[in-house]
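Chain and residue survey
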Amino acid sequence: MRYMFFAYTNETSWANLSVPEREVSVQKFGAFIKEVEQRGVKEVNARLQPSTTATTVHGHDGKLVVDNAPYAETKEQIAAVYILNCKDMDEAIEFAKMLPASQMGVVEIRAIADS
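Let me begin by describing the structure that accompanies this report. (Residues numbered from 1 in each chain as written. Predicted model: local features only at pLDDT ≥ 70, side-chain atom pairs only at ≥ 80, totals over all residues. Heavy atoms only, no water.)

Once that is clear, we can look at helix α2 (residues 19-38). Taking 1.5 Å of rise per residue, the 20 residues of α2 would be expected to cover 28 Å, and the 28 Å separating its terminal C-alpha atoms lies within 8% of that figure. Restricting attention to buried positions, one finds in α2 the residues Ser-25, Phe-29, Phe-32, Ile-33 and Val-36. For α2, the buried positions fall inside an angular range of 95 degrees around the axis, keeping them on one side. Exposed and facing more than 90 degrees away from the buried side of α2 are Val-19, Pro-20, Gln-27, Lys-34 and Gln-38. Buried residues belonging to α2 abut α1 (11-15), β2 (42-47), β5 (77-85), α3 (89-98) and α4 (101-104). (Helix = DSSP H or I, 4+ residues; strand = E, 2+ residues; numbered from the N terminus. Expected span 1.5 Å × (residues − 1). Buried < 20%, exposed > 50% of the residue type's maximum accessible area, 1.4 Å probe, protein only. Arc of directions from axis to C-beta. Contact = heavy atoms within 4.5 Å.)

Structure, rendered in structure tokens:
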């Protein structure tokens, strides 16, 4: 079963980390990627640009509106996404616990629907 992992973190907290703290965090994420690659479950991983670079398109009064802003104002923003091919939700949860974002923020797991 394929699962999408949304890694939410607080961009302000990240910006306030010292350079050595950021380097440690980057190393932890790198170790996670290496682990899921070695276990043969990684399909996609992508770190996202800050939410300040987001553009949204939405309907308003029957017209499409383009905004240069994220969809919702929240304390945490989606920092990265992953698609892993796990045998079941229990294994997906195991990987989510390994993902450093679970210690720094939130990891949301969603099963990908079959077409």
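Additional details are given in the paragraphs that follow.
It is worth spelling out the nonpolar core at this point. Grouped together as the largest cluster of nonpolar side chains are 19 residues, with contacts concentrated most on Phe-5, Phe-32, Tyr-82, Leu-84, Phe-95 and Leu-99. Broken down by secondary-structure element, the contributors of at least two residues to this core are β1 (2-9), α2, β5, α3 and β6 (106-111). The greatest single-element share of this core, amounting to four residues, is contributed by α2. Ignoring sequence-local partners within four residues, the contact set of Phe-32 consists of Tyr-82, Leu-84, Phe-95, Met-98, Leu-99 and Pro-100. (Core = buried A, V, L, I, M, F, W, Y, C linked by side-chain atoms within 4.5 Å.)

Turning to the environment of Glu-108, a few remarks are in order. Mapping Glu-108 onto the fold places it in strand β6. As a C-alpha pair, Glu-108 and Val-24 span 84 residues in sequence and 23 Å in three-dimensional space. Residues contacting Glu-108, with those up to four places away along its chain left out, are Met-4, Phe-5, Phe-6 and Tyr-8.

This is a description of form; function is not addressed.
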